[in-house]
Amino acid sequence: MAILIKHGTLVTASETFKADILVEGEKISLIGQDLTHPNAEEIDASGLLVLPGGVDPHVHLDLPMFNTVSSDDHYTGGKAAAFGGTTTVIDFVPQDEGTLAENIDRWRAKADPKASVDYGFHMNITRFDQAVAKEIFSLPDLGITSLKVFTAYNNRLRLSDGEIFRVMRVAHAAGILTLVHAENGDIIDILVDEALAAGNTEPYFHAKTRPAWGTVEASLRAAALAAQAGDAPLYLVHMNTGGEVDQLAYAQAHGLKMMGETCPQYLFFTEDDLRREDGAKWVCSPPMRKAKDNARLWEGVESQTIQVMATDHCPFFYDGTTPILYEGQPVAIPGKELGKDDFTKIPNGLPGVGDRMPIIWTEGVGTGRMTPNQFVAMHCTNPARIFGLYPQKGALIPGADADIALWDPNKAVTYGANVARHRTDYSLYEGWQLKGFPVKVFLRGKMIVDGENWYGSPGSGRYLHRQEGEILQ
Ligand code: URP
Ligand code: ZN
Ligand code: ZN
């Protein structure tokens, strides 16, 4: 089966040009002018932009948390991603009981039958000993070339600085990129205890007990640990403070192999959103900060100090006692209401995987903060390169997977939960006026989104064996 996409304007990370694309089977086979093919299905992309399918390298699907589970699984999350132009996601494997390989098998057993877009895994390392050190070397054989460590969530996910240093050394030797969640776990625990003792249980205290300085200090600490671990490559996830941009720029100026991602929520919202009556909707970790942090993060995006726009997609229902209709069936999954009397019991996380590209197109490209090429770099090509998926993903070149988003830069949309396809009952962007939206999305040559229509299915996504990634600065 061949598809010929005619008369579109291709946007890559570095160029914009008019061309036709021939897709044969799962791959892009040819890009050129006035292409013909005897029996290809022709798609007229006049007036449309042709983008590589997006790559979101930070999602949590079907993740158990606080006696519930994140409300998008590998099917519904992939579907939401696709409606927003994203065709590849990278999820995190928690390190529960057993070996890393056993944990990865368990996560694949959940994901493989359901995945509706292509997906890879990062490995969380939250318990470290000699056996784990040895096993890290075999992660690339399983297609995993990045791992995540935490400087917060004491007694749960956090490793000590010494352990993080050891993980970074081992990871570096194994060709694996270390991702760091940077907050100060000790101080968070003290402040949480004090807040609860004082009867401060509202969502706002989620932000107040996780201070911005903790992320600034922990991000520089991570950089210093990586430097001492033989110049190990490092990637700062969910950058949320202006100070982290400063630390990332400092590390890069000192020649460290440090990269970073931010997420749309940290560009638009502040801790004041947690003061709203429905403030629990904004509870995620790390939390929203201040307007000056939004501004400095935008500067980090514009200056390309930050390489990637991810989402940290980890949705929960706002009111998990009231069902929504999902694909015609009522669905309710316990959510934020679990913490109505105590902010520490609000499941942490937000919907975002489907919002990422339309929101940043409007607010980034539409406002002149970034060019369409920078947009493609941050949402498609850079994450593919950093996470060892390039040029299979994130590229419009012959030989790449035919993951393509036909993008209408003039399509006006009043956005919200009814437009986003996340399996949850709210959107952070309810009522936002967007201009620019994907109208057709292809995954490996198969059209999975056509306007409002969905043609993907559980299992239409495939597990991706990732290679060692690149250092981009
Ligand atoms: O609140 C969030 N982001 N939950 C996911 C966990 C994490 O640290 O990324
Ligand atoms: Zn994190
Ligand atoms: Zn996360």
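All of these numbers come straight from a predicted model, not from anything done at the bench. (Residues numbered from 1 in each chain as written. Chains lettered and ligands numbered in written order. Predicted model: local features only at pLDDT ≥ 70, side-chain atom pairs only at ≥ 80, totals over all residues. Heavy atoms only, no water.)

Some remarks on the coordination of the zinc ion (ligand 3)
When a metal carries six donors in an octahedron, the ideal angles between them are 90 or 180 degrees, while four donors in a tetrahedron ideally lie at 109.5 degrees. Here is the rule we go by: Metal sites are built from N, O and S donor atoms within 2.8 Å, or 3.2 Å for Na, K and Ca, and they leave out water, so they may look incomplete. The rule is simple: four donors are tetrahedral if all their angles sit between 85 and 135 degrees, four are square planar and six octahedral if opposite donors span more than 155 degrees and the others lie between 65 and 115, and anything that fits none of that is irregular. Put simply, DSSP H or I for four residues or longer makes a helix, DSSP E for two residues or longer makes a strand, and each gets a number counted from the N terminus. For each residue, the accessible area found with a 1.4 Å probe, counting protein chains only, is set against the maximum for its type, and the residue is called buried under 20%, exposed over 50%, and partly exposed in between.
Here the zinc ion (ligand 3) is held by the protein donor atoms His58 (NE2), His60 (NE2) and Asp312 (OD), which lie 2.0 to 2.1 Å from it. Classification of the site at the zinc ion (ligand 3) as tetrahedral follows from its four donor atoms and the range of 86 to 133° in their angles at the metal. Site description for the zinc ion (ligand 3): donor spacing in sequence, H-x1-H-x251-D. The distance between the zinc ion (ligand 3) and the zinc ion (ligand 2) comes to 4.0 Å. Note that His58 is positioned in strand E6 (residues 54-59) and Asp312 in the loop between strand E15 (308-309) and strand E16 (324-326), a separation of 254 residues in sequence. The residues His58 and Asp312 share a single accessibility class, namely buried.

Quick notes on the coordination of the zinc ion (ligand 2)
Within the protein, the zinc ion (ligand 2) binds to Lys148 (NZ), His181 (ND1) and His238 (NE2); these donor distances fall in the range 2.1 to 2.2 Å. Along the chain, the residues donating to the zinc ion (ligand 2) are arranged with the sequence spacing K-x32-H-x56-H. We classify Lys148 as buried; its relative accessible area is 3%. Taking the relative accessible area as the measure of exposure, His181 reaches 1% and is therefore buried.

Things to note about the site of ligand 1
Just so we agree on the cut-off: We call a residue near a molecule or strand when any one of its heavy atoms sits within 4 Å of it. Side-chain atoms alone can form a polar contact between residues adjacent in sequence; in general such a contact is a pair of N or O atoms within 3.5 Å, and within protein one must be able to donate a hydrogen while the other accepts it. With residues, only the protein chains shown are counted as cover, and all accessible areas are computed by Shrake-Rupley using a 1.4 Å probe. Residue polarity is assigned by list, with Asp, Glu, Lys and Arg as charged and Ala, Val, Leu, Ile, Met, Phe, Trp, Tyr, Cys and Pro as nonpolar; anything else, Gly included, falls into the polar class.
Around ligand 1, the surrounding shell consists of His58, His60, Lys148, Tyr153, His181, His238, Cys284, Ser285, Asp312, Asn348 and Gly349. A distance of 3.2 Å is found between an oxygen atom of ligand 1 and a side-chain nitrogen or oxygen belonging to His60. His181 places a side-chain nitrogen or oxygen 3.1 Å from an oxygen atom of ligand 1. Isolated, ligand 1 exposes 270 Å² of accessible area, and the fraction of that covered by the protein chains is 95%. Looking at the shell around ligand 1, its residues break down into two nonpolar, seven polar and two charged.

Let's talk about the sheet that holds E15
Threshold: Two strands are said to pair when DSSP picks up at least two bridges between them. Residues count as neighbours in contact if any of their non-hydrogen atoms are within 4.5 Å of one another. Note on method: axes are straight lines fitted to C-alpha atoms, helices fitted across the in-contact stretch only, with angles between N-to-C directions ranging 0 to 180 degrees.
Spatial strand order, E6-E9-E10-E11-E12-E13-E14-E15: eight strands in an open sheet with parallel pairing. Lying at the two open borders of the sheet, with one neighbouring strand each, are E6 and E15. Each of strand E13 (234-239) and strand E14 (258-262) is contacted by helix H8 (residues 242-253), which is oriented at about 155° to E14, the strand it contacts most. Packed on one face of the sheet, helix H12 (residues 372-386) meets E6, strand E12 (177-181), E13, E14 and E15 and runs near 65° to E6.

Focus: unusual backbone geometry
The amide bond that connects Ser285 to the next residue, Pro286, takes the cis arrangement and shows omega of -5°. By the secondary structure assignment, Pro286 is in the loop between helix H9 (265-268) and helix H10 (291-302). For the peptide bond that leads from Tyr390 to Pro391, omega is 5°, which places it in the cis range. Looking at the element boundaries, Pro391 is found in the loop between H12 and strand E18 (404-414). A positive phi angle, close to 65°, is found at Tyr153, a residue other than glycine. Inspection of the secondary structure assignment puts Tyr153 in the loop between strand E11 (146-150) and helix H4 (161-173). On the basis of relative accessible area, Tyr153 is assigned to the buried category, the value being 16%. Phi angles above zero are rare outside glycine, and Glu327 is one such case at about 50°. If you trace the backbone, Glu327 turns up in the loop between E16 and strand E17 (329-331). In this structure Glu327 comes out as partly exposed when scored by relative accessible area, which is 44%.

Focus: the packing of aromatic side chains
As a reminder of what qualifies: Pairing of aromatic rings covers Phe, Tyr and the six-membered ring of Trp, with a centre-to-centre limit of 6.5 Å; geometry is then stacked below 30 degrees between planes, edge-to-face above 60, and tilted otherwise. Charge-over-ring contacts are defined here by two conditions on Lys NZ or Arg CZ: a distance within 6 Å of the ring centre and an angle within 35 degrees of the ring normal.
Scanning the entire structure with this criterion turns up 20 aromatic pairs. Between the aromatic rings of Trp361 and Phe375, the centroid separation amounts to 5.0 Å while the plane-to-plane angle is 85°, which identifies the pairing as edge-to-face. With Trp361 in helix H11 (residues 356-365) and Phe375 in helix H12, this pair connects stretches of sequence that are 14 residues apart. Using a relative accessible area of 5% as the deciding quantity, one classes Trp361 as buried. A residue is classified by how much of its surface remains accessible, and Phe375, at 0% relative accessible area, is buried. Summarising the aromatic geometry, the rings of Trp361 and Trp407 are spaced 5.5 Å apart at their centres and angled 50° between planes, so their arrangement reads as tilted. You can see Trp361 sitting in helix H11 and its partner Trp407 sitting in strand E18, a full 46 residues away along the chain. An aromatic cluster of at least three residues, connected via ring pairs, comprises Phe268, Phe269, Trp282, Trp298, Tyr429 and Trp432. Directly above the aromatic system of Phe92 lies the positively charged group of Lys148, at a separation of 5.2 Å from the ring centroid. The lysine or arginine in question, Lys281, covers the ring of Tyr318, its NZ or CZ lying 4.9 Å from the ring centre.

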